[in-house]
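Listed below are the residues making up each chain.
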Amino acid sequence: MQSSTSRVWFVLALFSLSVLVSCDSGGGTPEPDEPSEVSVEVTGTVTSAENDEPIGGVSVEVLRADNGNTLASATTDTTGSYEATFTIEEPSAPDQIRLELSAEGFVDEEVSTGFQPSVTEDVTLEAMSVEATASGTVTDTDTGDPIEGASVTGTRPDGGEQLFEATTSSDGTYDVTFEVADEPDEVAIQADAQGFEAADTTVSFSEQISADLGLQVATTQATASGTVTNEDTGDPIEGATVTGTRPDGGDQLFQATTSSDGTYEASFEVADEPSEATVQAEAEDFESGEQTLSFGEQITADFSLQPAAIEATASGTVSRSDNGDPIEGVRIIGTRPNGGEELFETINSSDGSYEVAYSVKATDKPSEVTLSASAENFEFKEQTVSFSQQITTDFSLQPATTEVTVSGTVSDSSSSDPIEGATITGTRVDDRDQLFETSAASSGEYESSFTVDAPSAPNELRVEANADSFRAEEATVGFASSVSQDFELVKNRFSLDLSVDGDGSIETNLVSGDLSENGYLLGSEVEIEVLPNGENIFFGWSGDIDKSENPATIEITENTSATAEVGTPQDGLSLGIGLVQIGSTIDEASFSLSNDLPEKVIVTGFTLLDQNDTEVINTSDNLTIDPGDSSGFSVSFGIGPTPEEFEQYQTIWEFEFRGSTFEKEVVVGDVYSPSDPFSLDKSANMIELRVEE
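Keep in mind that this is a model prediction, so the values were computed, not measured.

**Remarks on the nonpolar core**
Thought 1: Counting 27 residues, the largest nonpolar core has Val42, Val62, Phe86, Leu101 and Leu125 as the members making the most contacts within it.
Thought 2: Elements with a minimum of two residues in this core: β1 (37–48), β2 (59–64), β3 (70–75), β4 (81–89), β5 (96–102) and β8 (123–125).
Thought 3: Not counting the four nearest positions on each side in its chain, Leu101 is found in contact with Val46, Val58, Ser59, Val60, Asp108, Glu109, Val123 and Leu125.

In structure tokens, the structure reads:
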């Protein structure tokens, strides 16, 4: 930086000279100027690197850095200051100058700095050092034994600068080499060792110092004091034992016992003073306390002891009082009596047993413990027992009971009328055990209350309603203290009303189901058989029974009424007559039979006779007539003019039915009247009589 400044100064000087030349008004060649000179001042202070003290009499030479020519010289005064001045022509000024300093007892120093008119440079000098050794032995003055690990230091007298430090080996010797500048006349040597009084000696300085030292075992008069209290309450603990030892289980230093106010104090003397002391406090029913403190003549250690814990267990079983079965999931709680602090809580296992570990403070252990057992669906129970570290208490719990009320109405599903006297029963869903039974009042309403043991209460109830002539109905409902269930019953008893139209009777036989004074049970199967008398046969049923076979089985699903049609086979055939009138005469007639019998009929012959029993027509052509059908013959013949009284004709039909041969004779005639010449003759069993134009 200084070199750059001098260059700037030099350039400015040249610039100024150039300006002067440029301003020459003569315009001729200028005369050369004399070279300018620069006055330079170099100042500073010289001090000792060891103690910052000024050094007088230091020779300071100022030289050019480029060629080493001396520019000026100076000598420091008592304050360490120097000043060197010189002049130099500007063009020949160096970029840097060098200072060379020398003084007796100090190492020569060179410093370079940038050239400028004013230079300030402070310099510190290192003192020349002398290598010396110090050795000797440190022993116990009482025994003469070497002391290992003693610290030996050498300093300038009167607490001056430390010159060396060494540690004795196992044989008590030390040997240390050190350098010293500004060598002293004397050296103070001191030896220190743990458990010993320090010793020192002063010897003349030389390059080989020898000094033996003997140390006296140190003893310290000390006092230990403090207070021991209960950590929970802060109360003083009387009779606590307080012991002080060297750390890590070393020698005991003191022991004391606390007084009624919890304080202790012990005075003791110790040789080979430790750096630390371990103080421990112990008291009955309390956890011990320990502190490690720096050793001193006055040791203060206060203790707050935690009451000791007593480890205890409680165990037992919980069972039902009614059957002795174990109860699982019971909550067992132990407390101090009279609703005091909870000591433990646990849930027992599937075999009914429980065991729980807990702790109480020895200073606050109870004389008694109250144990309680609570479980869903069981009565709460508690017992108070004497405290011990092992408590065994069994419980026998009474099942709790649940009051249940079931109510509702019973009515006819078809009419909504109440059903008086209906029986309502309630059972468990799981095992069908009956819980209640009651009857409906005239209003159809019912209500029943019952109790169950809560532990065995079912999850669901099956409620069933029964009434004569009605089908039973049941419902499954969730178990609760109040249950409402209405019923609409469907009739299940029906009447069977049978009659016979003709000569015969009916027999009934119950195949399945039930028959009571109220009728047949819904779904009952009844076999009915029609028993015609004599040559009569069963034609079929009219009414609610649609059966053709005999006997027949019917299922009772409602009130049933039917009539059995019974008659002779001839009665099952009906004659149909058709007359064709052409002009005033009847020229053609058709005759047919309609089969009202339950089975087919085979007509094997047909004969028509006039009123004089003269055969008009006779045929043996077979005609098969199925049930419900008709078939017959057409006959052409002249009857003549319509008489005022219809002439009689007789028809004879021969037919087979169920393997037997029968005849049916029908007389046609004697039915004429002017207003209705061809009316039905019921006695002749005619079902059709018509005139075709």
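**Points about the pattern of salt bridges**
Thought 1: Here the structure, examined in full by the defined rule, presents 11 salt bridges.
Thought 2: Taking the shortest distance from any N to any O, the salt bridge between Arg331 and Glu345 comes out at 2.3 Å. With Arg331 in strand β26 (residues 331–335) and Glu345 in strand β27 (residues 342–347), this pair connects stretches of sequence that are 14 residues apart.
Thought 3: The partner of Glu474 in a salt bridge is Arg462, with the nearest N and O atoms 3.4 Å apart.

**Overview of the sheet that holds strand β34 (residues 423–428)**
Thought 1: Pairing is antiparallel in the open sheet, where 4 strands are placed in the order β35-β34-β37-β38. The two strands at the open ends of the sheet, each matched to only one other strand, are β35 (434–439) and β38 (473–478). Looking at each pair of strands side by side, their axes are set apart by 20° on average, direction ignored.
Thought 2: Sheet analysis places β34 next to β35, joined by 5 bridges and oriented antiparallel. Bridge assignment links Gly426 to a residue of β35, and that residue is Phe436.

**Observations regarding the side chain of Gln485**
Thought 1: Within the fold, Gln485 resides in the loop between β39 (482–484) and β40 (487–489).
Thought 2: Note on Gln485: relative accessible area 16%, which makes it buried.
Thought 3: Excluding its chain neighbours within four sequence positions, the residues that come into contact with Gln485 are Ser407, Gly408, Thr409, Tyr446, Ala475 and Val477.

**Side note on the environment of Ile556**
Thought 1: If you trace the backbone, Ile556 turns up in the loop between β48 (552–555) and β49 (560–567).
Thought 2: Linking Ile556 and Gly513, residues 43 residues apart in sequence, is a C-alpha distance of 9.2 Å.

**Notes on the sheet that holds strand β47 (residues 537–543)**
Thought 1: What the 3 strands build is an open sheet, ordered β42-β49-β47; its pairing is mixed. What marks the edges here is a single partner per strand, and that holds for β42 (496–501) and β47. Neighbour-to-neighbour, the strand axes of the sheet open up by a mean angle of 25°, direction not taken into account.
Thought 2: As paired elements, β42 and β49 share 6 bridges and run parallel to each other. What sits directly across from Asp501, in β49, is Glu565.

**Some words on a negative patch on the surface**
Thought 1: Residues Glu50, Glu126, Glu131, Glu179, Asp182, Glu183, Asp185, Glu186 and Glu207 make up a contiguous surface patch of negative charge.
Thought 2: Within the secondary structure, Glu131 is located in strand β9 (residues 129–140).
Thought 3: The exposed category is assigned to Glu131, whose relative accessible area is 52%.

**A closer look at the confidence of the model for the protein**
Thought 1: For the protein, per-residue confidence averages 84 on the pLDDT scale, and residues scoring 70 or more make up 87% of the total.
Thought 2: Taken together, the stretch residues 1–29 has pLDDT below 50 and engages in 18 contacts with residues farther than four places along the chain or on a different chain.
Thought 3: With pLDDT under 50 throughout, residues 640–646 is counted as low confidence; its partners more than four residues away or in other chains account for 20 contacts.

**As for unusual backbone geometry**
Thought 1: Cis geometry marks the peptide bond from Asn550 to Pro551; its omega dihedral reads 0°.
Thought 2: Mapping Pro551 onto the fold places it in the loop between β47 and β48.
Thought 3: In the Ramachandran plot, Asp285 falls in the positive-phi region, its phi being about 70° despite a non-glycine side chain.
Thought 4: Structurally, the position occupied by Asp285 is in the loop between β21 (276–282) and β22 (289–294).
Thought 5: The phi dihedral of Asn377 is positive, around 75°, even though this residue is not glycine.
Thought 6: For Asn377, the position within the fold is in the loop between β29 (368–374) and β30 (381–386).

**Quick look at the packing of aromatic side chains**
Thought 1: Considering all chains together, one arrives at 6 aromatic pairs under this definition.
Thought 2: When the ring of Phe344 is compared with that of Tyr358, the centres are 4.8 Å apart and the planes differ by 35°; the resulting orientation is tilted. Placement of the pair is Phe344 in strand β27 and Tyr358 in strand β28 (residues 353–361), with a sequence separation of 14 residues.
Thought 3: Assessed through its relative accessible area of 4%, Phe344 is described here as buried.
Thought 4: Residue classification places Tyr358 among the buried positions, given a relative accessible area of 6%.
Thought 5: Through a chain of ring-to-ring contacts, three or more aromatic side chains come together here, namely Phe254, Phe268 and Phe295.

Rules used throughout
Residues numbered from 1 in each chain as written. Predicted model: local features only at pLDDT ≥ 70, side-chain atom pairs only at ≥ 80, totals over all residues. Heavy atoms only, no water. Core = buried A, V, L, I, M, F, W, Y, C linked by side-chain atoms within 4.5 Å. Buried < 20%, exposed > 50% of the residue type's maximum accessible area, 1.4 Å probe, protein only. Helix = DSSP H or I, 4+ residues; strand = E, 2+ residues; numbered from the N terminus. Contact = heavy atoms within 4.5 Å. Salt bridge = Lys/Arg side-chain N within 4 Å of Asp/Glu carboxyl O. Pairing = 2+ DSSP bridges. Axes fitted to C-alpha atoms, helices over the stretch in contact; angles between N-to-C directions. Patch = residues over 30% accessible without salt bridge, like charges linked within 9 Å, V, L, I, M, F, W, Y side chains within 5 Å. Areas by Shrake-Rupley, 256 points an atom, 1.4 Å probe, with all protein chains shown as cover. Lys, Arg positive; Asp, Glu negative; His and termini not counted. Charge placed at Lys NZ, Arg CZ, Asp CG, Glu CD. pLDDT = per-residue confidence, 0-100. Phe/Tyr/Trp six-rings, centres within 6.5 Å; stacked < 30°, edge-to-face > 60°.

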